[in-house]
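Remarks on the overall topology
Okay, here's what each chain looks like letter by letter:
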Amino acid sequence: MKRIFLFLLTNIAIMLVLSVTLRLLGVDSILAENGSDLNIQSLVILSGVIGFGGSFISLFISKWMAKRMTGAVVITAPTTNINKWLIQTVEKQANIVGIKMPEVAIFPSNEMNAFATGATKNNALVAVSQGLLDNMAQGEIEAVLGHEMSHIANGDMVTLTLIQGVVNTFVVFLSRLVGHVVDRVILKNDRGHGIGYFVTVLISQVLLSILASVIVMYFSRKREFVADTGGADLAGHQNMISALKRLAQKEPEALPEQLAAFGIGEKKKQGFTHLWTSHPPIEDRIDALEKRALTGVKP
């Protein structure tokens, strides 16, 4: 639940900052026009600005945040054989999938993991952990890189940002609508918005964010299957399957929440908490790839 909390906290914090900013600018005051009327059109506009604003701010600073949160060091002048091989492999894959060469980085961790991030497919970052380089065979590493490059080539970062923006918009809209109803109907406040409105909005926003994140995680899990097939196409089915089997031997270290959806794996969750996982079970991913290798049918 700690990971869910951090995920929600990041998005809620950005949304609250934008909400306070708009309130200071006088935008939020139109929601209580004439003392009691709710301006739905204005609320929709406000919700969209806050909802999409928070998501796109997270997207645009994603590379900067990723480097600082993980300690990833970008390879600028490769001197070792592994660094040279990483650059050459990513460059080859970038040419195949038709995107500009992303930045390539290594982050200090003994666990096996990798991630991709960036505002656009032509301005991205691919990073692998030192533990992944130490514990995987070359073909397996190539498959992991292919998985991450597929995330970039498919525009998954932007896709999930748009989905998160839509979800955030509904959360903002519904939380303020509930707050308005509680303030007017239950608390009988007919002038402006009282403390009941603000408390209700805050509680509703937190609860709705938890529920809404289930939708975002559902789409994230679907994108993982597609990225796996991309890694298989770039490095071979057996290399991709072997990489996943190696990950299954030891659960990957948790990445920061902003990067979790674009890592190669995620720790298992039990019971209903699997609804908040960004990755499907590794066993399901392996089964899908094995089926695809045999039948040629994409999962």
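The structure under discussion appears in the preceding block.
Conventions we followed
Residues numbered from 1 in each chain as written. Predicted model: local features only at pLDDT ≥ 70, side-chain atom pairs only at ≥ 80, totals over all residues. Heavy atoms only, no water. Helix = DSSP H or I, 4+ residues; strand = E, 2+ residues; numbered from the N terminus. Buried < 20%, exposed > 50% of the residue type's maximum accessible area, 1.4 Å probe, protein only. Contact = heavy atoms within 4.5 Å. Salt bridge = Lys/Arg side-chain N within 4 Å of Asp/Glu carboxyl O. Axes fitted to C-alpha atoms, helices over the stretch in contact; angles between N-to-C directions. Parallel < 35°, antiparallel > 145°, perpendicular 65-115°, else oblique. Left-handed = near helix turned anticlockwise from the far one by under 90°. Polar contact = N/O pair within 3.5 Å; in protein donor to acceptor, adjacent residues only side chain to side chain. Pairing = 2+ DSSP bridges.

1. Quick look at the environment of Gly196
In this fold, Gly196 is placed in helix α8 (residues 195-235). Look at Gly196 and you get buried, because its relative accessible area is 13%. Taking the C-alpha atoms as reference, Gly196 lies 5.8 Å from Asp183; in sequence the two are 13 residues apart. Not counting residues within four places of it along the chain, the set of residues in contact with Gly196 comprises Asp183 and Leu187.

2. Observations concerning the pattern of salt bridges
The tally for this structure, following the rule as stated, stands at nine salt bridges. The residue Lys63 makes a salt bridge to Glu103 at a minimum N-O spacing of 3.0 Å. Highlighted residues: Lys63 in helix α3 (residues 62-70) and Glu103 in strand β2 (residues 103-107), separated in sequence by 40 residues. Residue Glu103 is classed as partly exposed on the basis of its relative accessible area, which comes to 26%. Each of the salt bridges in this network shares a partner with another, and the network as a whole consists of Lys63, Lys67 and Glu103.

3. A closer look at the packing of helix α4 (residues 81-97) against helix α6 (residues 138-153)
When two helices pack together, their arrangement is captured by the angle between the axes and the distance separating the axes. Contact geometry for α4 and α6: axes closest at 10 Å, N-to-C directions at 45°. It follows that α4 is oblique to α6 by the angle criterion. In the crossing of α4 with α6, the sense of the turn from one axis to the other is right-handed. Across the interface between the two elements, Trp85, Leu86, Thr89, Val90, Lys92, Gln93, Ala94 and Val97 of α4 pack against Gln138, Ile141, Glu142, Leu145, Gly146, Met149 and Ala153 of α6.

4. Here we look at the side chain of Gln93
Mapped onto the fold, Gln93 is located in helix α4. What makes Gln93 buried here is its relative accessible area of 0%. There is a polar contact of 3.3 Å between the side chain of Gln93 and the backbone nitrogen of Gly146. Ignoring anything within four residues of it in the chain, the contact list for Gln93 reads Glu142, Leu145, Gly146, Met149 and Leu234.

5. A look at the sheet that holds strand β1 (residues 73-74)
Here we have four strands laid out as an open sheet, ordered β1-β2-β4-β3, and mixed in their pairing. The open sheet terminates on both sides in strands that have one partner only, identified here as β1 and β3 (114-120). Looking at chain direction, β1 and β2 are connected through two bridges and run antiparallel. What sits directly across from Val73, in β2, is Ile106. Against the sheet, α3 makes contact with β1, β2, β3 and β4 (123-129), and its axis sits at roughly 150° relative to β3, the strand it touches most.

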